[in-house]
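Breakdown of the fold
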Amino acid sequence: MSDTIAALDLPGLLPSGWRTVLDPHLDPAGTAELGRFVAQEYAHQTVFPPLEDLFAAYRLCPPQDCRVLILGQDPYHKAGQAHGLSFSVRDGVRVPPSLRNVYKELADDLGVPVARSGNLTRWAEQGVLLLNAVLTVREATPNSHAGKGWEAFTDATIKALDDLDRRVVFLLWGSYARKKKDLITNPRHVVLEAGHPSPMNPRGFLGSRPFSAANSALADAGLPPIEWDRIAA
């Protein structure tokens, strides 16, 4: 029965702007294999985020609007949390520990009051691509979709941003994200590295002042800042 499940045309599900810029960087065979795997998982397992939110980060932040990338590793794996944006959770969901540290740093860096909501949609709408390196996960099984092909897909996204002829600020938090630095070769871009905001590694992130640094790098390139205080109430 599983063989009758149609593969997902992943590039076809992308907004057209992203489809165009990713195409030169995607391997068709590998992307098709990933589409078969993801289709099987959605058909036979509980997978997060819901399929309609799979490419929410791309939908909310077109490539021509992207000014900042924040790279996560894996979607949240509990019901009701993941909605396609790294570090973000739906309104009404308890703010996860890593995001609480993000908010703490935001308060220390820019004086932004700690938000009650963990929904970062308003960041995405301003040009912050909230991307996970792996875009799907089985319920209650972290990293269950790692090594299945998503990494090549999201590496292609980073390469597409690297191709842009105006500045993008890459915020790479934690050892996994920092390994992606090698994909960013265009000298017009800025890479800001820090430890992961997980409570397991607070020293590496707290005090890194990424938000003011990102805005400074944008201003240096004549680009408007991100209004980091724009978070759902």
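Residues numbered from 1 in each chain as written. Predicted model: local features only at pLDDT ≥ 70, side-chain atom pairs only at ≥ 80, totals over all residues. Heavy atoms only, no water.

The chain carries the name Uracil-DNA glycosylase in an unreviewed UniProt entry, which gives Micromonospora zhanjiangensis as its organism. According to the UniProt record, the Catalytic activity (unreviewed entry) comment for the chain is "Hydrolyzes single-stranded DNA or mismatched double-stranded DNA and polynucleotides, releasing free uracil." (UniProt positions renumbered as here; feature names shortened; annotations may be inferred.)

1. What to know about the overall build of the chain
Check the secondary structure of the chain and you find ten helices and six strands. Since a compact globule built from 233 residues should have a radius of gyration of about 17 Å, the 17 Å found for the chain is in line with a globular shape. Counting only C-alpha atoms and orienting by the principal axes, one finds that the chain spans roughly 55 × 40 × 30 Å. When burial is assessed residue by residue, the chain has 51% of its 233 residues classed as buried. Of the contacts formed within the chain by residues at least 6 apart in sequence, a portion of 69% connects residues at least 24 apart. Only carbon and sulfur atoms are counted for the fraction: they give 50% of the accessible area of the chain, which is about 10600 Å². Averaging the coordinates of the 24 positive side-chain charges in the chain and doing the same for the 26 negative ones gives two points 6 Å apart. (Helix = DSSP H or I, 4+ residues; strand = E, 2+ residues; numbered from the N terminus. Rg over C-alpha atoms; globule rule 2.2 N^0.38 Å. Buried < 20%, exposed > 50% of the residue type's maximum accessible area, 1.4 Å probe, protein only. Contact = heavy atoms within 4.5 Å. Areas by Shrake-Rupley, 256 points an atom, 1.4 Å probe, with all protein chains shown as cover. Lys, Arg positive; Asp, Glu negative; His and termini not counted. Charge placed at Lys NZ, Arg CZ, Asp CG, Glu CD.)

2. Looking at the environment of V102
Tracing the chain through its elements places V102 in helix α5 (residues 97-110). Look at V102 and you get buried, because its relative accessible area is 2%. Distance from V102 to S198, taken between C-alpha atoms, is 8.9 Å for residues 96 residues apart in sequence. In contact with V102, not counting residues within four places along its chain, are W123, W173, P197, F205 and F211.

3. Focus: the pairing of strand β2 (residues 68-72)
Taking burial as the measure, the five residues of β2 include five buried ones, the bulk of the element. For β2 and strand β3 (residues 128-132), the ladder comprises five bridges, and the chain directions are parallel. Within β3, the residue paired with L69 across the bridge is L129. Bridge count for β2 against strand β5 (residues 169-173) is four bridges, and the pairing is parallel. Of the residues in β5, the one forming a bridge with L69 is F170. (Pairing = 2+ DSSP bridges.)

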